[in-house]
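# Overview (structure and organization)
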Amino acid sequence: MRRPFVAGNWKMNLDLATGRALVSELRTRLPASPPIDVAICPPHIYLFPMAKAVADTPIRLGAQNCFHESSGAFTGEVSAAMVKETGCTYVILGHSERRHTIGPKDASGRVQGETDAMIAAKCRAAMSAGLVPIVCVGETLEERDRDQTEAVLSRQIDGSLAGIALDGPEKLVIAYEPVWAIGTGRNATPEQAQAAHRHLRGRLAERFGRGMADGIRIQYGGSVKPDNAITLMKEADVDGALVGGASLKASDFAGIIEGCIRAKGL
Ligand code: 13P
């Protein structure tokens, strides 16, 4: 069975003091050894202090990005090995905000964010450095309305994992985050999430073989809250959650973790 995994993506929120306070409250709310994996993903600048804060807890650490080159004249970038050195286990790659929100705009006002090829290069660098990438995929509302969801997910999986050789299913995590559900309060229905996750697992099976695909965790992300976590996590191919807003509040994040544990009957 796949071990469920709930991660909190802090995005560009909190500061050092509030981040520390959040971790110390989580410490009191989480079981000493939960039957699922739990991680927080703070901004790069807080990785070292947060590594210290979570040191004797079951909480693991993830970064929100890394660069694909290993060293050199790349002002402002952070390599996968540097991320690893802070104590990170995971790194989120290809988040929809990096694909669609952050970056220069083209003539029609569309953001030129990260491409699948850029994400694949980061993914290869992360794996070489011993990090487990959490590769995010997800369709926009326009793409869903045009019935292109599966085609978009297939393209993103193929493109974002180009050139990746996988020697164990635990070395890769996928996050399905429909763009229209992120930060909108409008989560995918459990049926929509299950259909997308099943499709993604099928694509992973074509790519890496059925045995490997059956072991890869696929998280759902997009307006996950304590009150919708159970029904989403009950779906067979939903192996946990990548949580944004609700991961900033200890009671909500702990509620989602508890919901996941209950939904999976652990
Ligand atoms: P919200 O949970 O705030 O919708 O964000 C989801 C997300 O983007 C996690 O990476």
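Predicted, not measured: the structure shown is a model, and the values here were computed from it.

Okay, the overall build of the protein chain next. Within the protein chain one finds 11 helices and 8 strands. Against the globule reference of 18 Å for 266 residues, the protein chain gives a C-alpha radius of gyration of 17 Å, in line with a compact fold. Residue burial in the protein chain is summarised as follows: out of 266 residues, 54% are buried. Once local pairs closer than 6 in sequence are excluded, the contacts in the protein chain between residues at least 24 apart make up 72%. Charge centroids of the protein chain, computed over 31 positive and 30 negative side chains, lie 3 Å from each other.

Before going further, it helps to examine the site of the ligand. Lining the immediate surroundings of the ligand are 13 residues, of which Lys11, His95, Gly183, Ser223 and Gly245 lie closest. A distance of 2.9 Å separates an oxygen atom of the ligand from a polar backbone atom of Gly244. For the shell around the ligand, the class distribution of residues is 4 nonpolar, 7 polar and 2 charged.

With that out of the way, let us pick up unusual backbone geometry. Residues other than glycine seldom take positive phi values, yet Lys11 does so here, at roughly 55°. Considering the arrangement of structural elements, one finds Lys11 in the loop between β1 (5-9) and α1 (16-29). Of note in this structure, Ser223 is not a glycine but carries a positive phi near 55°.

This part takes up the pairing of β1. Of all the 5 residues making up β1, 5 are buried; the element is thus mostly covered by neighbouring parts of the structure. Residues Phe5, Ala7 and Asn9 of β1 are buried on one face, and the alternating residues Val6 and Gly8, pointing to the opposite face, are buried as well. Inspection of the sheet shows β1 paired to strand β2 (residues 37-41) by 5 bridges, in the parallel sense. Counterpart to Ala7 in the pairing with β2 is Ala39. Taking the sense of rotation as the criterion, the β-α-β connection linking β1, α1 and β2 turns out right-handed. With 4 bridges joining them, β1 and strand β8 (residues 240-243) adopt parallel strand pairing. Among the inter-strand pairings, Ala7 is bridged to a residue of β8, identified as Leu242.

Of the residues in the protein chain, 100% have a pLDDT of 70 or more, and the chain-wide mean is 97. Taken element by element, the predicted model of the protein chain shows its lowest mean pLDDT in helix α6 (residues 141-145) (95) and its highest in strand β4 (residues 90-93) (99).

Turning our attention to the side chain of Ser79. Checked against the element boundaries, Ser79 lands in the loop between β3 (59-63) and α3 (80-85). Setting aside residues no more than four positions away along its own chain, Ser79 makes contact with Cys66, Phe67, Glu69 and Ser70.

Our focus in this paragraph is the packing of aromatic side chains. Applying the stated criterion to the full structure yields 3 aromatic pairs. Their ring planes at 50° and their centres at 5.1 Å tell us that Phe67 and Phe74 sit as a pair that is tilted. Assessed through its relative accessible area of 14%, Phe67 is described here as buried.

Right, let's talk about helix α8 (residues 190-208) for a bit. Since the α-helix turns once every 3.6 residues, residues separated by three or four places project in the same direction. Between its first and last C-alpha, α8 extends 26 Å over 19 residues, near the 27 Å set by a 1.5 Å rise per residue. Every buried residue of α8 is accounted for by Pro190, Ala193, Gln194, Ala196, His197, His199, Leu200, Arg201, Leu204, Ala205 and Phe208. In this structure, the buried residues of α8 make contact with β5 (132-137), α7 (149-160), β6 (173-176), α9 (210-215), β7 (217-220) and α10 (226-233). Just beyond α8, the residue with positive phi is Gly209, at close to 100°.

Bringing the pattern of salt bridges into the picture now. Scanning the model with the defined rule gives 18 salt bridges in all. Asp56 is paired through a salt bridge with Arg27; the nearest N and O atoms lie 3.0 Å apart. Note that Asp56 is positioned in the loop between α2 (47-53) and β3 and Arg27 in helix α1, a separation of 29 residues in sequence. Three or more residues joined by partner-sharing salt bridges are found here, namely Arg2, Arg201, Asp237 and Asp239.

Looking now at the packing of helix α5 (residues 116-128) against α7. At a minimum axis distance of 7 Å, the contact between α5 and α7 shows a crossing angle of 45°. Between α5 and α7, the angle is such that the two are oblique. Contacts between α5 and α7 pair Asp116, Ala117, Ile119, Ala120 and Cys123 from the former with Arg155, Gln156, Gly159 and Ser160 from the latter. Looking at the contact of α5 with α7 residue by residue, the classes come out as 4 nonpolar, 3 polar and 2 charged.

The subject of this paragraph is the pairing of β6. Residues of β6 alternate between two faces, with Val173 and Ala175 on one and Ile174 and Tyr176 on the opposite face, all of them buried. Here β6 pairs with β7 via 4 bridges, running parallel. Note on β7: the bridge partner recorded for Ala175 is Gln219.

Conventions used here
- Residues numbered from 1 in each chain as written.
- Predicted model: local features only at pLDDT ≥ 70, side-chain atom pairs only at ≥ 80, totals over all residues.
- Heavy atoms only, no water.
- Helix = DSSP H or I, 4+ residues; strand = E, 2+ residues; numbered from the N terminus.
- Rg over C-alpha atoms; globule rule 2.2 N^0.38 Å.
- Buried < 20%, exposed > 50% of the residue type's maximum accessible area, 1.4 Å probe, protein only.
- Contact = heavy atoms within 4.5 Å.
- Lys, Arg positive; Asp, Glu negative; His and termini not counted.
- Charge placed at Lys NZ, Arg CZ, Asp CG, Glu CD.
- Near = heavy atom within 4 Å.
- Polar contact = N/O pair within 3.5 Å; in protein donor to acceptor, adjacent residues only side chain to side chain.
- Nonpolar A, V, L, I, M, F, W, Y, C, P; charged D, E, K, R; others polar.
- Pairing = 2+ DSSP bridges.
- Right-handed = clockwise from strand over helix to strand, strands pointing away.
- pLDDT = per-residue confidence, 0-100.
- Phe/Tyr/Trp six-rings, centres within 6.5 Å; stacked < 30°, edge-to-face > 60°.
- Expected span 1.5 Å × (residues − 1).
- Salt bridge = Lys/Arg side-chain N within 4 Å of Asp/Glu carboxyl O.
- Axes fitted to C-alpha atoms, helices over the stretch in contact; angles between N-to-C directions.
- Parallel < 35°, antiparallel > 145°, perpendicular 65-115°, else oblique.

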